[in-house]
Amino acid sequence: MTIATTEHDSAGHHEEHPDLRVWGLLTFLVSESLMFGGFFATYLFFRSSTAVWPPEGTEVELFVPTINTIILVSSSFVIHFGDTAIKKNNVKGMQLWYTITAIMGAIFLIGQAYEYATLGYGMTTNVFANCFYLMTGFHGLHVFIGLLLILAVLWRSRIPGLYTAKNHTFIEMAEIYWHFVDIIWIVLFTLVYILTLF
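Residues numbered from 1 in each chain as written. Predicted model: local features only at pLDDT ≥ 70, side-chain atom pairs only at ≥ 80, totals over all residues. Heavy atoms only, no water.

**So, the overall build of the chain**
Convention followed: Secondary structure elements follow DSSP: runs of H or I no shorter than four residues count as helices, runs of E no shorter than two count as strands, and numbering proceeds from the N terminus. By definition, residues are in contact when any of their heavy atoms lie within 4.5 Å. Values of accessible area rely on a 1.4 Å probe in the Shrake-Rupley scheme; residue burial ignores everything except the protein chains shown.
Helix and strand content of the chain: five helices and two strands. The N-to-C order of helical and strand elements in the chain reads β-β-α-α-α-α-α. The dimensions of the chain, computed from C-alpha atoms along their principal axes, are 70 × 35 × 25 Å. A sequence separation of at least 24 residues applies to 73% of the contacts in the chain between residues at least 6 apart. Carbon and sulfur atoms provide 70% of the accessible area of the chain, an area that totals close to 10,600 Å².

Okay, structure coming up:
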C-alpha cells in the first residue's frame, strides 16, 4: 500500500521515503467515519424517542433508493476491476472500468436528485426530514467528491507512462475512497430506508 519515493539531498545522495499518501487518506476517512457516526447516533436517538417514525407525511420511497443502492454497491466491484487492470499495466482496461464507475456514480447522484424532487417535503418539515436530508445530502457530497477523484484519475491517465503497475497510488486512493462511500451508504440505507419498514 506504500510506494517508496526517491529524493535528492544537497549532497546529491538518494534517500528513500515511504509514500504515506494512502495512510493519510485512511486517517482522513476515519475522521469522516466519526462524523457519519455522529449523524447515525443522532438519528437513532430521535427515532427511539419519537412515537411515530417517520412522522406521517414524510415517509420514504424504496424503489429509487434500492436501484441506487444496487448501482453504487456494484460500482465498488467495477472500480476494483480498474485497480486490478493497472496492476497488470493495462491502462486502457483501467480507463474503461473507471469510466463505467464514473457513469454509475453520476447515475446515483441523478437518482438522488430525482428522489429529492419527488418526496413532497423539505428539510425543515420535521426532525426526520431534517435528519434525512442532512445524512443523504452529506453522503451525496462525498459521492460527488469521489466522482471528481475518478475523473481526475481518467484525465491524468492520458499522460503516457504516468500510471503503471508500480506507480498507481492515486488510482488506489480513488478506489479506497469509493469503497468508503459505498460502505457508508449501506449503513445509511439500512437505517433510513430499511428500518422505517419496521
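**Some points on the packing of helix α2 (residues 63-86) against helix α5 (residues 169-194)**
Put simply, the rule is: For helices, the fitted line uses only the C-alpha atoms of the stretch in contact; every axis is such a line through C-alpha atoms, and the angle between N-to-C directions lies from 0 to 180 degrees. Should an angle fall under 35 degrees it is called roughly parallel, over 145 degrees roughly antiparallel, and 65 to 115 degrees roughly perpendicular, with every other angle called oblique. Each crossing gets its hand from how the near helix is turned against the far one by less than a right angle, where anticlockwise is left-handed and clockwise is right-handed. The nonpolar class holds Ala, Val, Leu, Ile, Met, Phe, Trp, Tyr, Cys and Pro. Asp, Glu, Lys and Arg form the charged class, and all remaining residues, Gly among them, are polar.
Two elements in contact, α2 and α5, have axes whose closest approach is 10 Å; the angle formed by their N-to-C orientations is 160°. In terms of axis orientation, α2 runs roughly antiparallel to α5. For the pair α2 and α5, the sense of crossing is left-handed. Residues P65, T66, T69, L72, V73, S75, S76, I79, H80, D83 and I86 of α2 touch α5, and the partners they reach there are I171, E172, A174, E175, W178, H179, V181, D182, W185, I186, F189 and Y193. Across the contact of α2 with α5, the residue classes break down as 13 nonpolar, six polar and four charged.

**Section: the environment of S49**
Keep this limit in mind: Between N or O atoms, a polar contact is any pair within 3.5 Å; within protein, one atom must be a potential hydrogen donor and the other a potential acceptor, and residues adjacent in sequence are included only when both atoms are from side chains.
Looking at the secondary structure, you find S49 in the loop between α1 (21-48) and α2. Among the polar contacts made by the side chain of S49, one reaches the main-chain carbonyl oxygen of F45 at a distance of 2.9 Å.

**Overview of the side chain of N68**
Selection criterion: Exposure classes here rest on a 1.4 Å probe applied to the protein chains alone. A residue is buried below 20% of its type maximum, exposed above 50%, and partly exposed in between.
Tracing the backbone shows N68 in helix α2. With relative accessibility at 4%, the residue N68 sits in the buried group. Excluding residues within four positions of it along the chain, N68 makes contact with I107, F108, G111 and Q112.

Purely spatial values, then, with no claim about function.
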